[in-house]
Amino acid sequence: MRSSKKKYIVSGSAGVKAQIQFADQKQEFNKRPTKIGRRSLSRSISQSSTDSYSSAASYTDSSDDETSPRDKQQKNSKGSSDFCVKNIKQAEFGRREIEIAEQEMPALMALRKRAQGEKPLAGAKIVGCTHITAQTAVLMETLGALGAQCRWAACNIYSTLNEVAAALAESGFPVFAWKGESEDDFWWCIDRCVNVEGWQPNMILDDGGDLTHWIYKKYPNMFKKIKGIVEESVTGVHRLYQLSKAGKLCVPAMNVNDSVTKQKFDNLYCCRESILDGLKRTTDMMFGGKQVVVCGYGEVGKGCCAALKAMGSIVYVTEIDPICALQACMDGFRLVKLNEVIRQVDIVITCTGNKNVVTREHLDRMKNSCIVCNMGHSNTEIDVASLRTPELTWERVRSQVDHVIWPDGKRIVLLAEGRLLNLSCSTVPTFVLSITATTQALALIELYNAPEGRYKQDVYLLPKKMDEYVASLHLPTFDAHLTELTDEQAKYLGLNKNGPFKPNYYRY
C-alpha cells in the first residue's frame, strides 16, 4: 500500500499545499470558500465535534469522484432535491443495510408497530444531528412512521455511511451528510437542516450539542419556539447543564446520556465490542501481551478495559474520580497517572469526555509505534492540533490511519485524527444501538406530548418507568421470561406490580 508524506506548514500557496486554518482565524459563515480552500470554518460558536485541520477528501471512498456533494445537482426518483449526499445512486445498497439493521432492532420495530396508528408525533418537526448509520436510519423512519417530519445532519464528519444517507434521501428524508466532510461542510449541512423557509422545527435530537448551540447562537427566535431537546452524549449534556446554570436554557431538555438504558448498555456493552473491532481494522495488531492505558473508567472505559483484558492485554487505568478509581482497582486494573506509563505503553485510549487528556508533552514521550486513539464523543481529548507543526511529518497509511513522524524517526499511529474510533473506523453492534434509539424515540414522544407545566426550562433524566419499558421490549429477543411479583410480594416491597421496580437514586 502506497503512503503519502507531507509536511504541515503554517502558511503557503493554497494551490500547492493545504494551508492550515487555526481556530482563532475567523471566517464568515456565508462566505462560500473555493474547492481548494474548503478546509475549516471558525469555531466561534462552540467546541464542536469537528476540530480538524486536514483535508477530509482523502478519507472518502476512493471509488467516488472528489467533487463535493455541495457542487452536485442531484434528485431522487420523486424529483426532490432537498438533500445533499455523496451519491444518490447508492440508495439501493443503503436500503439493504437498513433492512439488515431492522432485524437487530426489535424494540424500534415493535414501537413502530404499536404506535403507528396513534401517530404520537403527528405535527412534530424534528431536526436531528447524530451519526448517520443504518441504525439511525431505522430510528428516523420510525419517527416518520409515528407522524414526525425530520431533517437530519451528521454529528461526526467521518461516521456517515454514504449509501445509508442516499437511501434516506431517496425515501424523502432531507439528509445533509457525507463521509469526509470538511469543517465548513459540517456547519453548512447543519444550517441547511435548520434554515428552511416555511419550516420551523419544534424538537431537537442532538448528539454532541453542536446542533443545539448552532440554533441557540444563530437563530435565537427559532430556539425559543423549540418544545424539547433530546441529547444523548456526555458532551452535549454538559453543554445543556451549562446553559441551564446560566439561566439561558429556555426549553426543557431530556438527558438521555445518563439514562440507565444508555449508560449501562450503549456505553458499556457497545464499547466492549467495538473497541477491538476499531483497533483491529485499522492496525491489524495482536492484543495479547500489549500494554494499554485507558484514560477514564466510566462505562465506556469499563467496556474497553474488559475487552482488552480478556484478549490478554496488560491494562492500566487513569481516573480522577476516587469511586471509579476504586472500581478499577477492584476489577484488577492498576491505577496510574498517565506520566508514569506513557513511555512504555503500546496503546493509549481516551474515554473521559474531557479536553487535553493527552497533551503534546505526552505525545513527545511516547514510544515508537505507540497507537493513540479516542473513544469519547468529542475529539478534544487528544491535542491533535499540537501535531500540526513544521518539524513533524504526517504519513497517510490507510483510511483513518496516520503516522506522525518526529525528526529522530520516532512515529506514533494516530487513529481517526483523534475522533471517535468505533464509529469512524469500524461499526457498532446494532442490537445495543436499538436500546439507545428506542430511548431517544420515547424521550421525544414524552417531551412532545407532555402537558404544559410538566417540564420546566431545565434538564431532566428519563423517567425510570420508561427505562424499564425500553429494556422489556428487548427481552423477547433472548426468549427471556420475567418473574412477576405476587400481590403479597409487591405489598411487602411497597411496589407497583408493573414497576418501576427501583427508586430514582438506585445505582445499577
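The model shown is predicted, which means the values in this text are computed figures rather than measured ones. (Residues numbered from 1 in each chain as written. Predicted model: local features only at pLDDT ≥ 70, side-chain atom pairs only at ≥ 80, totals over all residues. Heavy atoms only, no water.)

Peer 1: Just give me the short version of the overall build of the chain, but keep the residues and values in it.
Peer 2: When helices and strands are counted, the chain shows 17 helices and 16 strands. The burial tally for the chain puts 57% of its 508 residues in the buried class. A fraction of 71% describes how many contacts in the chain between residues 6 or more apart in sequence connect residues 24 or more apart. Carbon and sulfur atoms make up 51% of the accessible area of the chain, which totals about 22600 Å². (Helix = DSSP H or I, 4+ residues; strand = E, 2+ residues; numbered from the N terminus. Buried < 20%, exposed > 50% of the residue type's maximum accessible area, 1.4 Å probe, protein only. Contact = heavy atoms within 4.5 Å. Areas by Shrake-Rupley, 256 points an atom, 1.4 Å probe, with all protein chains shown as cover.)

Peer 1: Any chance you could break down the sheet that holds strand β2 (residues 125–130) for me, citing the residues and the numbers?
Peer 2: Within a sheet, each strand pairs with its neighbour through backbone hydrogen bonds, oriented either parallel or antiparallel. Read from one edge of the open sheet, seven strands run β4-β3-β2-β5-β6-β7-β16, paired in parallel fashion. Sheet topology places β4 (175–176) and β16 (459–461) at the edges, where each strand pairs with a single neighbour. Two strands pair when backbone bridges link them, and β2 and strand β5 (residues 203–206) are joined in this way by four bridges, in the parallel orientation. Bridged to glycine 128 within β5 is leucine 205. Across the sheet, helix α6 (residues 210–218) is in contact with β2, β5 and β6 (228–231); its angle to β5 comes to roughly 140°. (Pairing = 2+ DSSP bridges. Axes fitted to C-alpha atoms, helices over the stretch in contact; angles between N-to-C directions.)

Peer 1: Let's hear about the pairing of strand β15 (residues 411–415): which residues, and what values?
Peer 2: Of all five residues in β15, four are buried; the element is thus mostly enclosed. Inspection of the sheet shows strand β12 (residues 370–374) paired to β15 by three bridges, in the parallel sense. Paired with valine 372 across the strands is leucine 414, a residue of β15. Bridge count between strand β14 (residues 401–405) and β15: five bridges; the pairing is antiparallel.

Peer 1: Residues and numbers for the packing of helix α15 (residues 430–449) against helix α16 (residues 464–474), please.
Peer 2: In the contact formed by α15 and α16, the axes pass within 10 Å of each other and the chain directions differ by 140°. Classified by the angle between their axes, α15 and α16 sit oblique to one another. Handedness of the α15/α16 crossing: right-handed. In contact with Phe431, Ser434, Ile435, Thr438, Thr439, Leu442, Ala443 and Glu446 of α15, α16 contributes Met466, Tyr469, Val470, Leu473 and His474. Looking at the contact of α15 with α16 residue by residue, the class counts come to eight nonpolar, four polar and one charged. (Parallel < 35°, antiparallel > 145°, perpendicular 65-115°, else oblique. Left-handed = near helix turned anticlockwise from the far one by under 90°. Nonpolar A, V, L, I, M, F, W, Y, C, P; charged D, E, K, R; others polar.)

Peer 1: Give a description of the nonpolar core that names residues and reports values.
Peer 2: Of all hydrophobic cores here, the largest spans 54 residues; its most connected members are Leu121, Ile126, Leu143, Trp152 and Val175. Listing elements by their share of this core, those giving two or more residues are α1 (91–103), α2 (106–115), α3 (134–145), β3 (149–154), α4 (162–170), β5, α15 and α16. Element by element, the count of residues in this core is highest for α15, at ten residues. Grouped together as the second largest cluster of nonpolar side chains are 33 residues, Trp187, Trp214, Tyr219 and Leu240 included. (Core = buried A, V, L, I, M, F, W, Y, C linked by side-chain atoms within 4.5 Å.)

No statement about biological role is implied by the geometric values presented.
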